[in-house]
Amino acid sequence: ESQPRGAEAAEPLPPRHGSSSLRSSGRPLVRQGSSGLGLRPSAPREQEEVLRYIQIIDAGKKLVACRADGYVLSKVMALLHSIHLGPRTIWIALAGQTLNDERGVLGGDTPLSRAGLVYSEAVCAFVAARERSSELRERGCAGHAIVMTGTLRRYDQLTQILLSKYEPKDRTVLRLQRLNELCAGQLDSLSAGEMRRSFPGEYQARASDKLHYRYPGVGGESYLDLIMRLQEAILSLEQQRSNVLLVVDRAVARVLIAYFQEVESHDLPFIDVAPGVLEMTRSHSGFKYTHFDIAAGLATTASGPGGAEVLSAMRTSRDGLAGSSSLSNLAELQYSPSMRPIQRRSGEARLVGDPSPRRPSEAVGESG
C-alpha cells in the first residue's frame, strides 16, 4: 500500500534473542527516524545545553571535557592536562652572587663573582650527588635531571659547570627567557641608595605595594606580570616526567614556591627564599619539601625595595613536610638529610633567625 506523503517508512527489525514478549505481541520494532520519536533522552535538552564539566579519570590518564570553552576553562584544561602523579624530584636553586650583587646594584646581566662561582660549583656538586642518592632511589625519584633556567650569564655559568664536571655531559638544558628575573625597567642597574635619592616616589610605591607595583620604563614588571609570564613555564615543569633542576633568581623562585606550596598571592612577594636548594620529591600523595643550605660561596642577594614582612618558604603544606639540611663538606660529598618538620599554622610568618612565629602583618625584618 502507498504511504501517506511525508510519512517515514518503518523498517522492521528482527526481535532480540529471548524477547518472547515482543515476538508474541506481533508488533515490529522500528528504528528512530528524523522525527525524534521513540526513546526519551537521559536528560532534558535544556540541562544538556547548560552543563559544563571536566572529568579526570585515573589521576590524569584520561580527560573528558564538555563545553569547556572560554579563557578560564581553557587555562584549567591546560593545567589539568599537564599534571601527573609520576615520581620525580624538582630542585629549585638560587643563582650565585654576581658582580652587581657585590656592588649592591639591582638587575643587570653581569657574570658571577668569585664567591658566586664557588657557590655554583657547590650547587652542582650537591645536585649530582642527590641524583645518585640511595634515599631518592628508594622513593623512585632518583635519576639525572634536565635543567630549566633563564638566558642570563649567571645561569649559563652554573649550567656549564654542571655539564663539564658531572655526568651526563649531554643532559638536556632548556634556556627560557620567561625564567629570567623580574625586570626593573628604567630602574635596572641602580643601587638601592641611587633609587631612593633619584626616584623616591617609585621607591616608596614599591615598598608599600610589592605585589601590584610595576617598575617604570620599557620592560618593567610587577609580581603579577611575573606570575602571568611564568604560567607556560609552570605547565612545562608539570609535564616533565624526569627530574628537573631549576636555576633562578629570588622573584622567580617565590612564584614557583607559591605555586607548589599554595601560598596566597598577597603573601607571595614576602616569601623568604634562603640561599641553597629547595628539593621537592613527588609521590602519589603529593610533594615533600626539604631545604638544603649550601655553605660554600655566596648566592645572589639581589632584592628590590619592599615591605618588611618575610614569609618562610619552608612552611608546612598539606601535601608535604618542610625541613632543613646542611651541606658542610663538599670534598666528601656525603649527605644525610635530617628532616625537621616546621609545625606552623597556615598564614603565619617567621623571620630569618627568629624562632617565634608571627602573623604576616606583625612580622618585621629585612626587605625582600
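Residues numbered from 1 in each chain as written. Predicted model: local features only at pLDDT ≥ 70, side-chain atom pairs only at ≥ 80, totals over all residues. Heavy atoms only, no water.

Novice: How should the packing of aromatic side chains be read in this particular structure?
Specialist: Working definition: an aromatic ring pair is given by the centre-to-centre distance plus the angle between the planes. Taken as a whole and assessed by the stated rule, the structure comprises 5 aromatic pairs. Taken together, a centroid distance of 5.2 Å and an interplanar angle of 75° make the contact between Phe-260 and Phe-287 edge-to-face. Of this pair, Phe-260 sits in helix H12 (residues 250-261) while Phe-287 sits in strand E9 (residues 286-294), and the two are 27 residues apart along the sequence. Assigned by exposure class, Phe-260 and Phe-287 land together as buried. (Phe/Tyr/Trp six-rings, centres within 6.5 Å; stacked < 30°, edge-to-face > 60°. Helix = DSSP H or I, 4+ residues; strand = E, 2+ residues; numbered from the N terminus. Buried < 20%, exposed > 50% of the residue type's maximum accessible area, 1.4 Å probe, protein only.)

Novice: Help me understand the confidence of the model for the protein in this model?
Specialist: Predicted coordinates in regions of low pLDDT should not be interpreted in detail. Chain-level statistics for the protein give a pLDDT mean of 75 and a share of 69% at 70 or above. The model gives residues 18-39 a pLDDT under 50, and that stretch makes 19 contacts with residues more than four places away or in other chains. Within the model, pLDDT remains below 50 along residues 307-368, and this stretch shows 143 contacts once partners closer than five positions in the same chain are excluded. (pLDDT = per-residue confidence, 0-100. Contact = heavy atoms within 4.5 Å.)

Novice: Which parts of the structure should I look at to understand a nonpolar patch on the surface?
Specialist: A cluster of nonpolar side chains, contributed by Tyr-71, Val-72, Val-76 and Met-228, occupies part of the molecular surface with about 400 Å² of accessible area. Looking at which element gives the most residues to the nonpolar patch, the answer is helix H3 (residues 71-82), with 3 residues. Mapped onto the secondary structure, Tyr-71 falls in helix H3. (Patch = residues over 30% accessible without salt bridge, like charges linked within 9 Å, V, L, I, M, F, W, Y side chains within 5 Å. Areas by Shrake-Rupley, 256 points an atom, 1.4 Å probe, with all protein chains shown as cover. Salt bridge = Lys/Arg side-chain N within 4 Å of Asp/Glu carboxyl O.)

Novice: Which parts of the structure should I look at to understand the side chain of Arg-171?
Specialist: You can see Arg-171 is positioned in the loop between helix H7 (153-165) and strand E5 (173-175). A relative accessible area of 7% means that Arg-171 is categorised as buried. Within the local environment of Arg-171, its side chain forms a polar contact with the backbone oxygen of Ala-145, the two atoms lying 2.8 Å apart. In terms of polar contacts, Arg-171 uses its side chain to reach the backbone carbonyl oxygen of Glu-167, at 2.9 Å. Those residues within four positions of Arg-171 in sequence are excluded, and the remaining contacts are Glu-131, His-144, Ala-145, Val-147, Leu-162 and Leu-163. (Polar contact = N/O pair within 3.5 Å; in protein donor to acceptor, adjacent residues only side chain to side chain.)

Novice: Honestly, unusual backbone geometry in this entry has me stumped. Any pointers?
Specialist: Note on backbone geometry: most residues besides glycine have negative phi, and most peptide bonds are trans. The linkage connecting Glu-167 with the following residue, Pro-168, adopts the cis geometry, with an omega of -5°. Turning to its location among the elements, Pro-168 is positioned in the loop between H7 and E5. Within the chain, Arg-67 stands out as a residue other than glycine whose phi angle is a positive 55°. In this fold, Arg-67 is placed in the loop between strand E2 (62-66) and H3. On the accessibility criterion, Arg-67 (39% relative accessible area) is partly exposed.

Novice: Is there a simple way to explain the nonpolar core in this structure?
Specialist: It is characteristic of soluble globular proteins that their nonpolar side chains tend to be buried jointly. If you look at the biggest cluster of nonpolar residues, it comprises 72 residues, and the most contacted ones within it are Ile-92, Leu-245 and Leu-246. Those residues within four positions of Leu-246 in sequence are excluded, and the remaining contacts are Ile-90, Trp-91, Ile-92, Ala-93, Met-148, Leu-179, Leu-237 and Leu-256. (Core = buried A, V, L, I, M, F, W, Y, C linked by side-chain atoms within 4.5 Å.)

Novice: It is not clear to me how the pairing of strand E3 (residues 88-94) should be interpreted in this structure. Could you clarify?
Specialist: Moving residue by residue along a regular strand, the side chains alternate between the two faces of the sheet. Most of E3 sits inside the fold, with 7 of its 7 residues counted as buried. Of the two faces of E3, both are covered, the one formed by Arg-88, Ile-90, Ile-92 and Leu-94 as well as the one formed by Thr-89, Trp-91 and Ala-93. Across 6 bridges, the pairing between E3 and strand E8 (residues 277-283) is antiparallel. Bridge pairing links Thr-89 to Thr-281 in E8. (Pairing = 2+ DSSP bridges.)

Novice: I'm lost on the pattern of salt bridges in this one. Help?
Specialist: Pairing of side chains with opposite charge becomes possible as their charged atoms draw close. A full pass over the atoms with the stated rule returns 10 salt bridges. The shortest N-O distance in the salt bridge between Arg-171 and Glu-131 comes to 2.7 Å. Pair noted here: Arg-171 is in the loop between H7 and E5 and Glu-131 is in helix H5 (residues 114-131), with a separation of 40 residues, a long-range link. Ionic contacts of the salt-bridge type, sharing partners, join the residues Arg-130, Glu-135 and Glu-279 into one network.

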